Each structure stands twice: as C-alpha cells, then as structure tokens.
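Observations on the three-dimensional arrangement
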Amino acid sequence: WSTSQFYFAHGVAKVWGNTIGWSTLLLSLCSPGMFHSSGALLPSATAMQLVLLSTGNLCQDPRASGVSRSIFIGLIATLAIGWPFCAVCWIPIGLYAVLQAFCSGDDPSNRFKNATFVLLRTVIHAAIIQLIVCIIDYQWYQALTVPSLNIFMYNAAAGGDELYGIEPASYYLKNLALNFNFTLVLALVAPFAVLVNEVFKRKQGDDDNGASSPPSFGLRLAVISPLLLWFLLIGPRPHKEERFVFPVYPLIVLAGAIGLENVIRLTGALCDMLVSSSSRGGKRQIQMWLRATALIVCAMFSSLRMLALFNYYNAPVQLFTALNQEILSSSRSTSNTNICVGGEWHRFPSSFFLPQGSNLAFLPSEFKGQLPQPFTPGGVAVEPLQPFNDENREEVSRYIAGGISNCDYAVELMLTEDKLLGRKAPAISLLMEAAGEKGRWNMTSSVTFLDAERTHGLHRMMYIPRVSDCRIVLVDYALWKREK
C-alpha cells in the first residue's frame, strides 16, 4: 500500500512538478480517508490501490506502452475484483489511448489502424483476464458464471439496495469533509484557482515547479477527470456508503495538492501586483511558509480525526480478539461454537478472528433486509446455497435455528433505550427475555464504543485529548456467554 502511494506521488511529480508531488504524498499519508480505507478488505479498497498504480504508471510513462499498462491494470480492477463499476475510472485513460494512437501516424489510414489495434488489444486482454476469472470461479462454484456481469445487472436494475439505508445528496460531501478536512476545500477550489492563475500567468522560472517537461493538457485531463465521472455515477444512487468513494480517494488528494499550489501561486501574483519590485525578495519565503502552514493544519486536523476513529470505533476488533482468546482458553470444544450477532452484523470484522470450527450466526433485529451467508468449504456444488433473492428482502433462513438458545456467545452494542431518539432496548436483551434465558447469560467482556446520537458533533468528528473525554457518551460493546 505504501509503495503504491509513493509510486503515485512520484508520477504526479513528473506531470505537475515536484512541489505538487510532495504535497500529494504528504496529504495522502495524513489523510483519515486513506488511513482507514487502506486496511479494508473490500473490492472498492482494492480498486483504490489499482487506481494508485495505474495513475502513477500513466504519469511516469505516458507513451503508448505505459498507457497500455495502465489500461491493463484497469481491466484487472474491472473484471477480477468483482466490482465492475470502477471501469468508469479508466474511461478517460482509454479515450486518451485511442486519441494518442490516432494522432501518432501521418497517414490517415495508419491512424485508423493504430486506433483499431489499441481497441483490439484491449479486447484480447479483457478476454484473457475474464477467462482466468471464470476458471477460478468454476473451481469453487462448479458452474460457469461471470460475477462482474451479475453484479452489474443487479445494480443496473436498482435491486432494492434502499433497504440498507437512503442518504441525502449531501452525504458524500459531509463524509469527505470528515475524511479530508481542508484537503477537500482545496480540491473544490482547485478548478477556480487554476483558471484564475491562467489569467494572471506570467513568465516565471519556476512555472513547472520541477516538472521534467510541460505535460499535455490531455494527459492531465485523463488523470484527474475520473474524479468527476465517479461522482456522476454514484451521486444519484439513493443508497450511499463511504466505501463507494474509495476508488477516487487518491484523486481527491491530488486535486487538493493542485488547489493548494495554485492558491499559493495566486498569493505570489498578488504580491507582485501590490508590492514594489524592491520588496519582492521575500515572496518565495512567504509562499513556503503558507505551504508549510497549510500542510501542518491539514495534518493536525487529520490526526485528531484518526484518533477519534481509533478511540471511538475500534471496539469490534478488540472484542473479537478477546472472543478468540476466550474460546481457545475455554474447556469446551471449539467445534460447532456459535457466535451470534443481531443488529451488529455489519460491524463483524472478519472470520479470521474466529477459531477454526466456530461459526458466525445471525439473530433477528430491527434490520429487515437480506443478510449475508457464509462461503462453504466445498463450494456450492457440494453444499447448496440458502435461498437468495435479488430484491434484498428478509430471508428468515439466515437466522440460527432455535434462536438465541442455540448460541454459545453473543455480541451486541448495549445502547440505552431512549424514546426521544426512537431507540429500543438492545435486540440481544429482548431475545434473552423472550426465551426466558436472561439468567443464563453473563457479560464476560466489554469495550467502550461511542454513542454517536448522544455525543456532540464536534467531539464525534475528532478526538481532542482531555477535552473530548468529558464530553462524549460511551456505551458497552459487549460479549455475552451462555452458561451450559
């Protein structure tokens, strides 16, 4: 992951100059969004890393061979990771490749041949990648299937993802403000700052800021335009999630670095207009201090946000680590141990936290959509799947047979009942009472977790040492054990 970030920043330096390259790297390293998405085992996080590699490669080698490699990386992202929508991020690079091939020949007939060759080569590469993916899938599913096509058709038909929540248009803006703070402001300012800079452009010795050669406008557009295309794709969808924005996180950082540098150049132009020529010697120092101050402010607010993420929301990882140790140290056999979750199903970190032989099971909760089901060791040909529906309606077959009485452990966020907030008692407590088993369950471990609805917005956004400790509301993220 770190190698991808450095590779991306090095490519940016080739196209936009060393200053913007270094700013991109520093803003990327201290970004809360990049911080927590880098460790996510999600297709969108993998797509983000491939965007870093593809864009870094394109910037470092914009010749035909380099563009071909970037497109090949895009084909892997589209066909191999199970999230075909990220193909949008490579549309500008594809158009750039076709135009580059078309303009490379003097003879009009050769131009069409070159462009046709690029398209044909892309189709062949896509066929090879898809063939490999189909072979691997066939080994596990014992059926010929194309998951990328299936998920595309499902989402194109608007298959009921609204059950998982509907958010307003402002959701992504608020989310990006949390994850990028002042970097987002600079990214939004960037287009205007670049335009104004073009108006005030003067001949300066450092115009390229260390760029090896003045890059073409088409190359810069191919690199940065996927940012706009991506939001045009995901913005209209009623169901919104933070992970949907992961693929363009690097481009937001790049846009922020471009905005920062152009704002600083504007201050230099204003100094030249307002200050006499004899007093311009300190202009570079002023710009240097402005740049350093902006980067330090971004890093400071980003650090406070990352502290908040770690202190407020790391309870699931801590608790399932404790659960693993609890099961391994207990006298009971680990085989067929059922760990049940209700409303906290979506915070389950990974099956890697469960000892071999333990099973994750679901209990009914306020969520009434379709829950996931586990992968089977022998594949679906050996162990058929439970019922699925393409509208995300509730499937009662997902719930553990016999209810909470067949659970060995249960995990729940113990939010207090609050009628003003429309909150009921935790689902686990209600199920224990309904089964008449409340006396058989003991809380063996708990970790504090932020009660976001009862905590002031400022302290939800960032953790201010000593100050936030007195102004946040914490509840237990609890592990319950059923006595035999």
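Below is a summary of the structure that appears in this document. (Residues numbered from 1 in each chain as written. Predicted model: local features only at pLDDT ≥ 70, side-chain atom pairs only at ≥ 80, totals over all residues. Heavy atoms only, no water.)

Let us look at the packing of helix α4 (residues 43–60) against helix α5 (residues 64–79). The interhelical angle for the contact between α4 and α5, taken along N-to-C directions, is 170°, at an axis separation of 8 Å. Regarding the angle of α4 to α5, the classification is roughly antiparallel. Listed contacts from α5 to Leu50, Leu53, Ser54, Asn57 and Leu58 of α4 are Gly66, Val67, Arg69, Ser70, Ile73, Ile76 and Ala77. For the contact of α4 with α5, a count of residues per class yields 7 nonpolar, 4 polar and 1 charged. (Axes fitted to C-alpha atoms, helices over the stretch in contact; angles between N-to-C directions. Helix = DSSP H or I, 4+ residues; strand = E, 2+ residues; numbered from the N terminus. Parallel < 35°, antiparallel > 145°, perpendicular 65-115°, else oblique. Contact = heavy atoms within 4.5 Å. Nonpolar A, V, L, I, M, F, W, Y, C, P; charged D, E, K, R; others polar.)

Membership of the largest hydrophobic core comes to 64 residues, with the highest contact counts inside it found for Trp16, Trp90, Trp230, Val245, Tyr249 and Leu254. At 10 residues, the largest contribution of residues to this core is made by helix α12 (residues 249–274). Once you skip the residues sitting within four places of it in the chain, Trp230 turns out to touch Trp83, Phe85, Cys86, Val88, Cys89, Phe244, Val245, Pro247 and Val248. Of all hydrophobic cores here, the second largest spans 22 residues; its members include Phe362, Val447, Phe449 and Leu479. (Core = buried A, V, L, I, M, F, W, Y, C linked by side-chain atoms within 4.5 Å. Buried < 20%, exposed > 50% of the residue type's maximum accessible area, 1.4 Å probe, protein only.)

The mixed open sheet is built from 5 strands, whose spatial order is β2-β1-β3-β5-β4. Two strands in the sheet have a free side with no partner beyond their single neighbour: β2 (358–362) and β4 (441–450). Sheet twist, expressed as the average angle between the axes of neighbouring strands with direction ignored, equals 20°. The pairing of β4 with strand β5 (residues 474–482) spans 9 bridges and is classified as antiparallel. (Pairing = 2+ DSSP bridges.)

The next point concerns unusual backbone geometry. One non-glycine residue with positive phi stands out, namely Asn181, at about 35°. Along the chain, Asn181 falls in helix α9 (residues 171–199). For Asn181, a relative accessible area of 14% translates into the label buried.

A separate point is helix α11 (residues 226–234). For α11, every residue scored as buried is listed here: Pro226, Leu227, Trp230 and Ile234. Around the axis of α11, the buried residues are gathered within 100° of arc, so they sit on the same side. Turned more than 90 degrees away from the buried face of α11, the exposed residues are Leu228 and Leu232. (Arc of directions from axis to C-beta.)

Function cannot be inferred from these measures alone, as they are strictly geometric.
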